[in-house]
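# Topology and contacts: notes
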Amino acid sequence: MNRILVTGGAGFLGSHLCDFLLDRRGEVICVDNCFSGSKENIRHLAGRPAFEFIRHDIIHPLFVEVDKIYHLACPASPIHYQFNPIKTVKTNVMGTINMLGLAKRTGAGILLASTSEVYGDPEVHPQTERYWGHVNPIGLRSCYDEGKRVAETLAMDYHRQNRVAIRIARIFNTYGPRMAVKDGRVVSNFIVQALRGEPLTVYGDGKQTRSFCYVSDLIDGLHRLMESEDLTGPVNLGNPSEFTILELAERILERTGSRSAIIHKPLPQDDPVQRCPDIRLARERLGWEPRVSLEEGLDRTIAYFKEKLNS
Ligand code: NAD
Ligand code: UDP
């Protein structure tokens, strides 16, 4: 049996992961409360015998028999995770305890989708897994940042105390088709604005940097990490090519051919100034590195949103 649970499976990354696992003959149980994800993302999988969807909120216990758990359930966009911050903490703490408890009972290996946000506004650049981070524990982003840090702590403690086989992926900004039109993250915002002829909203001066990973690269990395031997500690997964947000806006205008203006809006609280993964560990231990360039990834994502906005 190779029955795999994907929490957050109706979300952006989760739905691509369900596709990937089903293509490799996995039997997939997708669990989601559809807060920031949508059944639309998995509609094409309905009717496949190896696929099952359960609408369930992971802050409540879940009883299923599985061999592997990819634990992705948690809103990822600042708009979504700040909508109900207490719920975000509950999802990260109670939800992760429930999923680790499930892993303990069933003997399943579990991969936690953590985030580059555990590094906060980093003082070390690029960020290696050994860096402990620089996080504001009481700010607007902390429900997510600290929530994920506790989720990592829980994973390590379940491993040390109960010998649960855990993997921790520290995911850096990832983009691609199936991001929601109203997701609020920068790539989808800019593409939708450019296609609609609306101004691109750059927060602050736009000199802050991010590194953008295309979704297929990230899913491949998650799978390699889950299947790896003996790699318990956190592993960065992301694209090390770093761009300023202004550069991203200009690329998107170029690739869409849009004549939208660029306007500036206030920078959100605690917005990290610089972010770029050091992926040496993933390269060495997983033989993984991103293959899709920003141009190629943007073109695929633009094509998706063009169709979405016209339908
Ligand atoms: P997303 O919002 O599209 O997906 C998250 C999914 O989890 C949604 O379908 C949502 O409905 C579901 N969910 C949220 N709370 C839940 C709950 N209590 N019970 C059940 N389901 C719940 O976001 P995404 O980009 O696909 O992110 C997936 C995971 O990857 C998240 O854990 C996120 O923190 C992590 N991550 C993503 C990125 C990125 O750039 N995409 C970066 C770092 C980390
Ligand atoms: N951002 C922006 N305009 C937008 C959305 C986001 O300038 O319409 C900026 C945001 O302030 C941040 C960067 O883009 O500096 C990435 O934001 P996102 O929400 O995508 O991810 P995160 O901040 O979590 O990396």
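Keep in mind that what you see is a predicted model, and the values were worked out from it rather than measured.

Rules of the game
Numbers given to residues run from 1 along each chain, matching the order in which its sequence is written. Going through the entries in the order they are written, you letter the chains from A and number the ligands from 1. Per-residue local features are limited, in this predicted model, to residues with pLDDT of at least 70; the limit for side-chain atom pairs, both in listing and counting, is 80 or more; totals at the level of whole chains, interfaces and linings are taken over all residues. Based on all heavy atoms of the structure, the side-chain values leave hydrogens and waters out of the count. Throughout, near means a residue has at least one heavy atom within 4 Å of the molecule or strand. In protein, a polar contact requires one atom able to donate a hydrogen and another able to accept it; more generally it is a pair of N or O atoms within 3.5 Å, and residues adjacent in sequence count only if both atoms are side-chain atoms. For the area figures, the Shrake-Rupley method with a 1.4 Å probe applies, and any residue is considered shielded solely by the protein chains shown. Under the scheme used here, helices are H or I runs from DSSP no shorter than 4 residues and strands are E runs no shorter than 2 residues, and both carry numbers assigned from the N terminus. As a working rule, the residues Ala, Val, Leu, Ile, Met, Phe, Trp, Tyr, Cys and Pro are called nonpolar, Asp, Glu, Lys and Arg charged, and the rest polar, with Gly in that last group. Within this document, salt bridges are pairs made up of a side-chain nitrogen of Lys or Arg and a carboxyl oxygen of Asp or Glu, the two lying within 4 Å of each other. Think of it in three bands: with a 1.4 Å probe and only protein chains considered, a residue is buried below 20% of the maximum accessible area for its type, exposed above 50%, and partly exposed in between. To estimate how far a helix should reach, multiply one less than its number of residues by 1.5 Å. Working rule for contacts: check all heavy atoms of both residues, and any pair within 4.5 Å makes them a contact. Aromatic pairs are defined between Phe, Tyr and Trp rings, using the six-membered ring for Trp, whenever the two ring centres lie within 6.5 Å; interplanar angles under 30 degrees are classed as stacked, those over 60 as edge-to-face, and all others as tilted.

## Brief notes about the site of ligand 1
With respect to spatial proximity, 29 residues lie near ligand 1, and among them Asp32, Ser36, Tyr144, Lys148 and Thr174 are the closest. Contacts to ligand 1 include serine 36, whose side-chain N or O atom sits 2.6 Å from an oxygen atom. One of the backbone N or O atoms of leucine 72 is found 2.8 Å from an oxygen atom in ligand 1. Taking 820 Å² as the accessible area of ligand 1 by itself, protein coverage stands at 97%. Sorting the residues of the shell around ligand 1 by element identifies helix H1 (12-23), strand E5 (109-115) and helix H4 (142-162) as the ones contributing at least two each. Examining the composition of the shell around ligand 1, we find that three residues originate from one element, E5, more than from any other. Residue composition of the shell around ligand 1, grouped by class: 14 nonpolar, eleven polar and four charged.

## Some details on the pattern of salt bridges
For the structure on display, the rule yields 20 salt bridges. With its nearest N and O atoms 3.2 Å apart, the salt bridge here joins arginine 43 to glutamate 40. Measuring nitrogen to oxygen at the nearest pair gives 2.9 Å for the salt bridge that ties arginine 160 to aspartate 157. Residue arginine 160 and its partner aspartate 157 are both found in helix H4; the two are separated by three residues, about one turn of the helix. Taking the relative accessible area as the measure of exposure, arginine 160 reaches 57% and is therefore exposed.

## Side note on H4
With 21 residues, H4 ought to run about 30 Å at 1.5 Å a step, and its terminal C-alpha atoms sit 28 Å apart, in line with that. If you check which residues of H4 are buried, you get Ser142, Cys143, Tyr144, Asp145, Gly147, Lys148, Ala151, Glu152, Leu154, Ala155 and Tyr158. Packed against the buried residues of H4 are helix H2 (78-83), helix H3 (85-106), E5, strand E6 (166-171) and strand E11 (234-237). Backbone geometry just downstream of H4 places arginine 163 in the positive-phi region, at approximately 60°.

## Quick look at the environment of arginine 185
Mapped onto the elements, arginine 185 comes out in the loop between strand E7 (174-175) and helix H5 (186-196). The partly exposed category is assigned to arginine 185, whose relative accessible area is 23%. Here the alpha-carbon distance between arginine 185 and threonine 174, two residues eleven residues apart in the chain, equals 9.8 Å. The contact partners of arginine 185, leaving out residues within four places of it in the chain, are Phe12, Ala76, Ser77, Pro78 and Met179.

## Thoughts on the packing of aromatic side chains
Tallying each qualifying case throughout the model produces six aromatic pairs. Measuring from ring centre to ring centre gives 5.9 Å for phenylalanine 35 and phenylalanine 83, while their planes differ by 35°; the resulting arrangement is tilted. Taken as a pair, phenylalanine 35 in the loop between strand E2 (27-32) and strand E3 (51-55) and phenylalanine 83 in helix H2 lie far apart in primary sequence, 48 residues in all. A ring pair is formed by tyrosine 119 and phenylalanine 172, whose centres lie 6.1 Å apart and whose planes are at 40°; its orientation type is tilted. Residue tyrosine 119 is found in the loop between E5 and H4, and its partner phenylalanine 172 is found in the loop between E6 and E7; the two are separated by 53 residues along the sequence. Its relative accessible area of 1% is what places tyrosine 119 among the buried residues. Put simply, the rings of Tyr119, Tyr131 and Phe172 pair up and form one aromatic cluster.

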